[in-house]
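Below are the chains, spelled out letter by letter.
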Amino acid sequence: MRRRIVATGLVLVSLALLTAYFRESDSGPLHGVQSTGAAILRPFEIGAERVARPFRDAANWFGGLVDAKSENAKLRRQVDQYRQLLIQNQTAAAENGVLKSLLRYRESAAFPSGYTGVATRVIARAPTQFVQQVEIDAGSNQGVGPDSPVVTADGLVGHVTKVARNVSLVTLLTDETSAASGLDPKTHATGIVRHSESTGELIMDGVTKDQVVNLGDILVIAGWKSGTLTDLYPKGIPIGAVASVGQVDTDNYKLIQVEPFVHFSSLESVIVLVPTKKR
């Protein structure tokens, strides 16, 4: 009961003081008491402000740091997204350029007669350098068959060795099991272009010493035909250029190294040659 009486009395006194304060002039006694109290408390306010300022500044700095980190992370995500879009656009532009080059080759006079071309992408490579094969995303549903020649606008790539409905396996000319009949159109020298086990490079083997092959000569597919048998590859497809010519007195054949026109390590798209008539 005493606490309630005291609380009620204090409230009444406070209301009376506030009423008197607002009614009196600026020079009244209550305004004087307020001014005196403010002057007495001012040093304490200044001290409290100085003590609290470092903590307030630290809190503001920490809050700003958190906001800056959040904004930085957001900007990094945006940069990563734009970088991915740029890479995708550049990749698409490069693939588009390669496909356009293949289509131009397919429509040109240099394209082998008697064949149609299935333009397709390389989707996988052999996991070892000792097996030179790639997988393409075209198969029997697109007309691709076993032993179908595979080319690019630069020259011979290899031939199809396995066929599924929508994918095929291509064995490259650089594989140890591959070979192609080579012809030097300038000198009419002939031989077999194959992988060399000793050097790991392409060579033209079986060129006798009486045949002439010069450094820099272009080699193409010979395209031989004997009765009902024909060459696996069409005549005239470019293979590469003669990189070196050597000769050993004790050997009956020349040593000819070939630099292929096709960059086998960076194949992205190829054309599979499909004969218009069944062979």
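Here goes a summary of the coordinates provided. Just so we're clear, the structure is a prediction, and the values are computed from it rather than from any experiment.

Here is what the cut-offs are and how they apply
- Residues numbered from 1 in each chain as written.
- Predicted model: local features only at pLDDT ≥ 70, side-chain atom pairs only at ≥ 80, totals over all residues.
- Heavy atoms only, no water.
- Pairing = 2+ DSSP bridges.
- Helix = DSSP H or I, 4+ residues; strand = E, 2+ residues; numbered from the N terminus.
- Core = buried A, V, L, I, M, F, W, Y, C linked by side-chain atoms within 4.5 Å.
- Buried < 20%, exposed > 50% of the residue type's maximum accessible area, 1.4 Å probe, protein only.
- Contact = heavy atoms within 4.5 Å.
- Axes fitted to C-alpha atoms, helices over the stretch in contact; angles between N-to-C directions.
- 1 Å grid on protein atoms, 1.4 Å probe; cavity = no way out; pocket = protein on both sides within 12 Å on 5 of 7 lines; lining within 4 Å.
- Points joined across faces, edges and corners; volume = space filled by probe spheres on them.
- Nonpolar A, V, L, I, M, F, W, Y, C, P; charged D, E, K, R; others polar.
- Phe/Tyr/Trp six-rings, centres within 6.5 Å; stacked < 30°, edge-to-face > 60°.
- Patch = residues over 30% accessible without salt bridge, like charges linked within 9 Å, V, L, I, M, F, W, Y side chains within 5 Å.
- Areas by Shrake-Rupley, 256 points an atom, 1.4 Å probe, with all protein chains shown as cover.
- Salt bridge = Lys/Arg side-chain N within 4 Å of Asp/Glu carboxyl O.

Let us look at the pairing of strand β12 (residues 238–247). Where strand β9 (residues 218–221) lies against β12, 3 bridges are found, and the strand directions are antiparallel. When the sheet's bridge partners are listed, isoleucine 218 is paired in β12 with alanine 241. Pairing of β12 with strand β13 (residues 254–260) involves 7 bridges; the strand directions are antiparallel. In the sheet register, glutamine 247 faces β13, and the bridge partner there is lysine 254. Here β12 folds back onto β13, and the loop between the two strands holds 6 residues.

Our focus in this paragraph is the nonpolar core. Across soluble globular proteins, nonpolar side chains show a tendency to be buried alongside one another. Grouped together as the largest cluster of nonpolar side chains are 41 residues, with contacts concentrated most on Leu156, Leu173, Met204, Leu267 and Val272. It is strand β14 (residues 269–275) that contributes the most residues to this core, 5 residues altogether.

Attention now moves to the environment of isoleucine 239. Structurally, the position occupied by isoleucine 239 is in strand β12. A relative accessible area of 1% places isoleucine 239 in the buried class. On a C-alpha basis, the gap between isoleucine 239 and glycine 155 in space is 5.5 Å, while along the polypeptide they are 84 residues apart. Apart from residues no more than four positions distant in its own chain, isoleucine 239 is found in contact with Leu173, Ser181, Gly182, Val193, Leu219, Val220, Ile221, Pro260 and Phe261.

Spatially, 6 strands are ordered β1-β2-β5-β4-β3-β14 in a closed barrel, and the strand pairing comes out antiparallel. On average, each strand axis in the sheet is tilted by 45 degrees relative to the strand beside it, whichever way the strands run.

Moving on, we get to the environment of isoleucine 237. Residue position: isoleucine 237 is located in the loop between β11 (229–230) and β12. When sequence neighbours within four positions are dropped, the list of residues in contact with isoleucine 237 reads Pro112, Val151, Gly155, Leu156, Val220, Ile221 and Leu273.

A word on the sheet that holds β13. Pairing is antiparallel in the closed barrel, where 6 strands are placed in the order β6-β7-β8-β13-β12-β9. Looking at each pair of strands side by side, their axes are set apart by 40 degrees on average, direction ignored.

Below, the discussion takes up the layout of surface pockets. Each pocket or cavity is described by its volume, and for the largest pocket that value is around 440 Å³. Residue lining of the largest pocket: 21 residues in total, with Gln129, Gln132, Thr174, Gly200 and Phe264 positioned closest to the centre. Elements represented by at least two residues in the lining of the largest pocket include exactly β2 (133–136) and β13. In terms of residue class, the lining of the largest pocket is made up of 8 nonpolar, 8 polar and 5 charged.

Below, the discussion takes up the packing of aromatic side chains. What the rule picks out here adds up to 1 aromatic pair. Considering the side-chain rings of tyrosine 105 and phenylalanine 111, the 5.5 Å spacing of their centres and the 70 degrees angle between planes classify their relative orientation as edge-to-face.

Moving on, we get to a nonpolar patch on the surface. Nonpolar side chains collect at one region of the surface, where Val11, Leu12 and Leu15 lie side by side and expose about 290 Å² of accessible area between them. Along the chain, leucine 15 turns up in helix α1 (residues 2–23).

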